[in-house]
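Here's the letter readout for the chains.
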Amino acid sequence: MDEAPILHENALNRRRLLMERSRPGRTGVALPDSDVPPQLNPEASMLRQDLDLPEVTEGEVVRYFTHLSQLNFSIDTHFYPLGSCTMKYNPRLNETIAANPGFSMSHPAQPAHQIQGALEVIHTLQSFLSKVSGLPGVSLSPLAGAQGELSGVLTLRAALNDRGQGHRKKMLIPDTAHGTNPASAAMAGFDVISIGSGPDGNIDLDSIRAEANSDLAGVMFTQPTTLGLFDKKAIEMCEIVHQAGGLVYGDGANMNALLGRVKLGHLGFDVVHMNLHKTFSTPHGGGGPGAGPICVTEELSKFLPGPIATTNELTKLYELTMPEKTIGRSGAFQGNFGVLVRAFTYISLLGNQGMLDISGNAVLNANYLLAKLRDLYELPYDRKVMHEVVFSAKKRLGASALDISKRLLDYGFHAPTMYFPLVVAEALMIEPTETESKETLDAFIEVLHQIDLEAAQDSSFLHEAPYNTPLSRLNEAKAARNPELRWNKAN
Amino acid sequence: MHSQSFKSPFIPNTSEDRASMLAEVGAQSIDELFEDIPSEYRHPELGLPEPLSEMEVIKKMNSLAIKNLHAGNYLNFLGAGAYQHFCPSVVPFLVTRGEFLTSYTPYQPEVSQGTLQGTYEFQSLTAELFGMEVSNAGMYDGATSLAEAALMACRVTKRNQITVLDTVNQRYIDTIRAYAMPQALEVNLVSAENLDLNADTSCLISQYPNFYGCIEEMQTLSDLAHSRGALFVMSCDPIALAMFKTPGDFGADIATGEGQALGVPLSFGGPYVGIFTCRKDYLRQMPGRISGKTTDSNGKTGYVLTLQPREQHIRRENATSNICTSTALIALWATVYSSLMGKHGLRRVADLCYQKSHYAASEIAKLPGYSLVNDRTFFQEFVVSCPKDFETTNYGLEKAGILGGYDVSDKYHNGMLICVTEVATKTDIDHLVETLGAISQNG
């Protein structure tokens, strides 16, 4: 809105795709000639015809991707209160350590005696996460949170089979859960049953009791819940499920709130996954890579996905082994090691006291937002919250959660998570994290009040927001109706 | 107890801030905010180490890193699914820019065009390289990408048997089994010479080049799969595809690959990125994120996450997969690498791998006691049958500053799978050959 039209045109040109920049004869790299005696080439019939990749110089590549990066909001550039994603500052020390050639140039299939340092990182991080969760068995092999969930419920499945309870198919999942929970349960072969919450936002124990019979495999439960609440009924829920012969899976996506405050293993959870890219501050990377380690009880340890790091009794060396009755491999190698090193570095730097400071300040910041915004939006559950607060924008007539979110972008704030959890109408799910200052939170609060005034004056103005971003609202229906998913000569 | 001087460099709240915020919140202390946690469970002994300074952490981590032998200070001839390729210096500078590194899944496309357009470039690159119609935004790694392809083939064909050639990477086969088992899908391992597909076979899964480096008769396999109404699925090395015919040329229905080969650090096994491509007809059964082209309300071109009704956050238990991530940052790494290499560079890399590995193989074959176990065309890896057992051979190489190949003695007598890429010079290869010669002569 404050940019001249000519600059917009310019900006568009700067977004030309690589193939549109390509000119025959340019190159982005200087490669050597072969220094070995010429070898017989394969038959021509085995070779591909053409390879239509760009021909661009290094300088053009730098300018293009630098420009693209500048079109992004990120933690480094903007407050990013995306609920349930724990968008906290990512220390660069972690990057430096992960780039150490001793880690970044180790080959994943080297024999154990050559890679004792890497295995010690894995072994020690296993014990760190065991301490955080209060559960003795740990596998770092799952490659992301959703794979941690899948591995977790498969471990649970294996334990039930081992008990001769393989017929149990019913998996109870609260309606507030992340979509990955039911999707993972379905991939693991369970029948998903959705469970509601009570008026206080806690799990409805009567619904759990009603399903607690000989078909019950277990429950997948997020603690704190996606409403940002610590649900103390979860403790009784674990007892009910255990008495019925089921097991309890804990989704640890929101572990940032609980560091040093409570251990989920103590509450009765049998399996817990953690998102290292959330709680332990490994970069989100525009949508990965993550890591989704799982922690389990003694009974479930032998079913963990592998490999895991163990010590050889005889040689005293660290080695990679598959647990006795493992559910199998999470991927080709031993997990997203580069992510594990970053999390290990972060925990080593902050230690016990740092963990308490994280949870304490994260929870304080969320409650501060609650206190300062409660007059503006409807609060579906009027309680102290943990790491995030979920409001409903429904009482702001004329301005939807979407409108408010889009207008926030104009003011230089990333939007909260919107329309989730599904049980809250017009949900705005705000997670400030511990790394934001009071000044930032105050500015955010002020802007939300400003947007409210704008809505009161002319709500149609908000329907068109954002105005100051690189592009205005995008036509998602058009993208889906006629999918254009790659460059080709015709378009 | 903790040291009194500890102060997190990442937390801005001062004690004054905390006091005024607590007053707004209506609480006496931070601990009071945790009172929903029953007291008997609250504040357990955490048991982590005490905090360290940044200097101390660097020292500690260096002391661990230095215990590893690695491809930076040893000559490396190990591949087997993770490949050391040269990566131009500029790549990490671009990829680790904070705007890429510290953003997340582009839920707000107006302020995420960098990630979305980068993803679109990745899809364009992989689809072109694989000769396939469409690609998604990326999966965890090559193994899980292939496992998801197997599940997708079962959904598409409504059949429940997965047939895998025995020349596919064993780690990938194990991953397929881990994904298939809970859904009661059957996984059959077969050899190409003895193929038996039936009416329940959803797909035939192959690797190209296969785990032992060889190029198999892909057209024959593809035709056979299709004649039985099964899908043909290929797991491919992307560098090899700069040189050899593509999955699209063979009529593959789904083609996957390990994107790590596109200049991504070995990093002891991850993070990598899985490539996932398929026929356009099967788009709505595809797992994972997809970036699509569209326009904004002013008619300007832009990109959004599209075809989301396949995904877990919309479809929950009916989604095509539970996957959330697209391993976007590693996909971006592979994209920047490939844009620098470009049309001729990527082919040159493939040619160098081919030339150097064939030189190495022919020199090793001249050594007394060593022989090549395959006479098929290979790309950059080949199996050598050694006169000494694998451990002796590999230890001898290590003593000479070489990370030796992969142990395939379960399949071939004293077999070692050796990988030679463009990073090896003739001098490096000659050192490998001389060392192997010396090992065979020593007692």
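Our subject is the structure that appears above.
Because the structure is predicted, anything quoted here is derived from the model rather than measured.

Peer 1: Tell me about the overall build of chain A, and name the residues and values.
Peer 2: Summing up its helical and strand segments, chain A has 17 helices and 12 strands in all. The C-alpha radius of gyration of chain A comes to 25 Å, within 12% of the 23 Å expected for a compact globule of 491 residues. By its C-alpha atoms, chain A is 75 × 70 × 45 Å across when sized along the principal axes. Out of the 491 residues belonging to chain A, those deemed buried represent 60%. Looking at chain A alone, contacts between residues at least 24 apart form 72% of all its contacts between residues at least 6 apart.

Peer 1: Can you break down the sheet that holds strand 11 (residues 371–372) of chain B residue by residue, with the values?
Peer 2: All names here are of chain B. Strand order across the open sheet formed by 4 strands is 11-12-15-14, with antiparallel pairing between neighbours. Each end of this open sheet is capped by a strand with a single partner; those strands are strand 11 and strand 14 (406–407). Here strand 12 (residues 381–385) pairs with strand 15 (residues 415–419) via 5 bridges, running antiparallel. By the bridge assignment for strand 15, serine 385 is matched with glycine 415.

Peer 1: Talk me through the interface of chain B and chain A; I want residue IDs and the actual numbers.
Peer 2: Between chain B and chain A, the residue contacts involve 164 residues of the former and 161 residues of the latter. Here the element with the most residues in the side of chain B that touches chain A is helix 10 (residues 328–365) of chain B; it accounts for 22 residues. Here the residues of the side of chain B that touches chain A sort into 76 nonpolar, 57 polar and 31 charged.

Peer 1: Just give me the short version of the nonpolar core, but keep the residues and values in it.
Peer 2: The biggest cluster of nonpolar side chains holds 298 residues, and the ones touching the most others in it are Leu340 of chain A together with Ala150 and Val233 of chain B. Broken down by element, this core gets its largest block of residues, 21 residues, from helix 10 of chain B. Ignoring anything within four residues of it in the chain, the contact list for alanine 150 of chain B reads Ile162, Ile176, Tyr179, Ala180, Cys203, Ile205 and Val233 of chain B.

Peer 1: Residues and numbers for the environment of methionine 322 of chain A, please.
Peer 2: All names here are of chain A. Structurally, methionine 322 is set in the loop between strand 9 (318–321) and helix 13 (337–373). With 19 residues separating them in the primary sequence, methionine 322 and phenylalanine 303 have C-alpha atoms 9.1 Å apart. If we ignore the near neighbours within four places in the chain, the residues touching methionine 322 are Gly306 and Pro307.

Peer 1: Explain unusual backbone geometry to me, using residue names and the numbers behind them.
Peer 2: That bond from alanine 465 of chain A to proline 466 of chain A is cis: its omega, 5°, falls within 30 degrees of zero. Non-glycine residue tyrosine 419 of chain A carries a positive phi angle of around 55°. Relative to the helices and strands, tyrosine 419 of chain A resides in the loop between strand 11 (417–418) and strand 12 (427–430). A residue is classified by how many C-beta atoms lie within 10 Å of it, and tyrosine 419 of chain A, with 16 of them, is partly exposed. Here leucine 307 of chain B, not a glycine, exhibits a phi torsion of approximately 55°, which is positive. Following the sequence through the fold, leucine 307 of chain B ends up in the loop between strand 10 (301–305) and helix 9 (312–315).

Peer 1: So what's going on with the environment of leucine 356 of chain A? Which residues, and what values?
Peer 2: Residue and element names in this part refer to chain A. The topology assignment puts leucine 356 in helix 13. Residue classification places leucine 356 among the partly exposed positions, given that 19 C-beta atoms sit within 10 Å. Along the backbone, leucine 356 and leucine 474 are 118 residues apart, and their C-alpha atoms lie at a distance of 42 Å. Once residues lying within four places of it in the same chain are set aside, the contact partners of leucine 356 are Leu259 and Gly260.

Peer 1: Would you mind going over the packing of helix 7 (residues 145–162) of chain A against helix 8 (residues 180–187) of chain A in detail, with residue names and values included?
Peer 2: All names here are of chain A. It is the contact of helix 7 with helix 8, at a shortest axis distance of 9 Å, that shows an interaxial angle of 45°. Compared by their axis directions, helix 7 and helix 8 come out oblique. Pair helix 7 / helix 8 crosses with right-handed handedness. Each of Gly145, Ala146, Glu149, Leu150 and Val153 in helix 7 lies in contact with helix 8, whose residues at this interface are Thr180, Asn181, Ser184, Ala185 and Met187. Here the contact of helix 7 with helix 8 is built from residues that sort into 5 nonpolar, 4 polar and 1 charged.

Peer 1: Give a description of the sheet that holds strand 2 (residues 170–174) of chain A that names residues and reports values.
Peer 2: All names here are of chain A. As summarised here, the arrangement of the 7 strands in space is 1-7-6-5-4-2-3, forming an open sheet in which the pairing is mixed. This sheet does not close on itself; its edge strands, each paired only once, are strand 1 (137–139) and strand 3 (191–195). In this sheet, adjacent strand axes meet at a mean angle of 20° when their direction is disregarded. Set on the sheet, helix 10 (residues 233–243) makes contact with strand 4 (216–222) and strand 5 (247–252); between it and strand 4 the angle comes to about 165°.

Peer 1: I'd like a rundown of helix 10 of chain B, residues and numbers included.
Peer 2: All names here are of chain B. With 38 residues, helix 10 should reach 56 Å at 1.5 Å per residue; the first-to-last C-alpha distance of 42 Å falls well below that figure. In helix 10, a bend of some 100° at glycine 342 exceeds every other bend along the element. Counting buried positions along helix 10 yields 33 of 38 residues, so the element is predominantly enclosed.

Peer 1: Could you give an account of the pairing of strand 7 (residues 254–258) of chain B, naming the residues involved and the relevant values?
Peer 2: All names here are of chain B. Most of strand 7 is tucked away: 5 of the 5 residues are buried. Here strand 7 shows a buried face lined by Ile254, Thr256 and Glu258 and a second buried face lined by Ala255 and Gly257. Judged from the 5 bridges that link them, strand 7 and strand 8 (residues 274–278) form a sheet pairing that is antiparallel. Each residue of the ladder has a partner; that of threonine 256, found in strand 8, is phenylalanine 276.

Peer 1: Account for helix 8 (residues 218–227) of chain B, naming residues and giving values.
Peer 2: All names here are of chain B. Listing the buried residues of helix 8 in full gives Met218, Leu221, Ser222 and Ala225. Relative to the axis of helix 8, the buried residues are bounded by an arc of 100° and lie together on one face. Turned more than 90 degrees from where helix 8 packs its buried face, Thr220 and Ser227 sit exposed. Taken together, the buried residues of helix 8 touch strand 5 (201–208) and strand 6 (231–236). Positive phi shows up at glycine 229, right after helix 8, with a value of about 75°.

Peer 1: I'd love a proper account of the environment of aspartate 196 of chain B, names of residues and values included.
Peer 2: Residues and elements named next belong to chain B. For aspartate 196, the location among the structural elements is in the loop between strand 4 (186–190) and strand 5. With 9 C-beta atoms counted inside 10 Å, the residue aspartate 196 sits in the exposed group. Considering only alpha carbons, one finds aspartate 196 and alanine 225, 29 residues apart in sequence, at a separation of 9.8 Å.

Peer 1: Can you explain the packing of helix 13 of chain A against helix 2 (residues 54–65) of chain B? Please cite residues and give values.
Peer 2: At a closest axis distance of 9 Å, the pairing of helix 13 of chain A and helix 2 of chain B adopts a crossing angle of 135°. With respect to helix 2 of chain B, the axis of helix 13 of chain A lies oblique. Every pair of crossing elements has a handedness; the one defined by helix 13 of chain A and helix 2 of chain B is right-handed. Facing Thr345, Ser348 and Leu349 of chain A of helix 13 of chain A, the residues of helix 2 of chain B in contact are Glu54, Val57, Lys60 and Met61 of chain B. Counted by class, the contact of helix 13 of chain A with helix 2 of chain B contains 3 nonpolar, 2 polar and 2 charged residues.

Peer 1: How would you sum up the pairing of strand 8 (residues 308–311) of chain A? Please name residues and give values.
Peer 2: Summarising the sheet, strand 8 of chain A and strand 9 of chain A pair through 4 bridges and their orientation is antiparallel. Along strand 9 of chain A, the bridge assignment pairs threonine 310 of chain A with glutamate 319 of chain A.

Cut-offs used in this document
Residues numbered from 1 in each chain as written. Chains lettered and ligands numbered in written order. Predicted model: local features only at pLDDT ≥ 70, side-chain atom pairs only at ≥ 80, totals over all residues. Helix = DSSP H or I, 4+ residues; strand = E, 2+ residues; numbered from the N terminus. Rg over C-alpha atoms; globule rule 2.2 N^0.38 Å. Buried ≥ 20, exposed ≤ 12 C-beta atoms within 10 Å, placed from the backbone. Contact = placed C-beta atoms within 7 Å. Pairing = 2+ DSSP bridges. Nonpolar A, V, L, I, M, F, W, Y, C, P; charged D, E, K, R; others polar. Core = buried A, V, L, I, M, F, W, Y, C linked by C-beta atoms within 7 Å. Axes fitted to C-alpha atoms, helices over the stretch in contact; angles between N-to-C directions. Parallel < 35°, antiparallel > 145°, perpendicular 65-115°, else oblique. Left-handed = near helix turned anticlockwise from the far one by under 90°. Expected span 1.5 Å × (residues − 1). Bend = angle between axes of the 7 residues up to and from the residue. Arc of directions from axis to C-beta.

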